[in-house]
Amino acid sequence: MKFNLNRTLLYLLAWLAAAALALMFAAASPNEASVMGQLPYHMSQTLLRRPLALPGELPSERTLALVTFQRAHRAQADSWIEGLNLKNDASINWLRLPVINDPGTATGRQAAEGRLLQNYPADTERAGVVPVFTNRSDFVRSLGLNGVAQSYAIVVNRQGDVLARVEGQFDADKAEILRATLQGGAKR
């Protein structure tokens, strides 16, 4: 049996090139440790009628989104607003995202929006409320959430990557996770 050095060297170089390419793709793409879900693309508007294309037009590269699914979740979201002092801390960009099963008609969406307008009478509040009319199940699955029984506070970037997520009422330990992620620190 004759050993062919050129062919062996060629195979070795091809294998090394493939391995290097795989490593480049792994480094360039987000890994599961840093991305917990994906905020789907959605055309929406604030309650002040300012158009907003999610996630690309989020207020900052890392935004805190308070995601609610039921009217009762408003108190949970309010606990985060108070606990993180969001109304007075300009260093944190945040939005409320009430997720509403799309009724399928403009009349149905206007009725739901009318209820939200009653809950948020001040323009300062309305500027940060972005109703999301969509299929709740698909939305929950895309974000990697556990369901609609609780509200969620998530940190999302303009690519839609969920970088941190906690559920339920404000909690100081959970708040530290969110703060670290908002500041570009550890992602959980």
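Residues numbered from 1 in each chain as written. Predicted model: local features only at pLDDT ≥ 70, side-chain atom pairs only at ≥ 80, totals over all residues. Heavy atoms only, no water.

A. Inspection of the overall build of the chain at higher detail. When helices and strands are counted, the chain shows six helices and seven strands. When the helices and strands of the chain are listed from N to C terminus, the series reads α-β-β-β-α-β-α-α-β-α-β-β-α. The proportion of buried residues among the 188 residues of the chain is 37%. Carbon and sulfur atoms make up 55% of the accessible area of the chain, which amounts to about 10,900 Å² in all. (Helix = DSSP H or I, 4+ residues; strand = E, 2+ residues; numbered from the N terminus. Buried < 20%, exposed > 50% of the residue type's maximum accessible area, 1.4 Å probe, protein only. Areas by Shrake-Rupley, 256 points an atom, 1.4 Å probe, with all protein chains shown as cover.)

B. Geometry of the sheet that holds strand E4 (residues 94–101). The strand order E5-E4-E3-E6-E7 describes an open sheet built from five strands, whose pairing is mixed. Both outer strands of the open sheet, strand E5 (132–134) and strand E7 (162–167), are each paired with one neighbouring strand and no more. In this sheet, neighbouring strand axes are inclined to one another by 25° on average, regardless of whether the strands run parallel or antiparallel. For strand E3 (residues 62–68) and E4, the ladder comprises five bridges, and the chain directions are parallel. Within E4, the position partnered with Leu-64 by the bridge is Trp-94. (Pairing = 2+ DSSP bridges. Axes fitted to C-alpha atoms, helices over the stretch in contact; angles between N-to-C directions.)

Interpretation in functional terms is not warranted from these geometric data alone.
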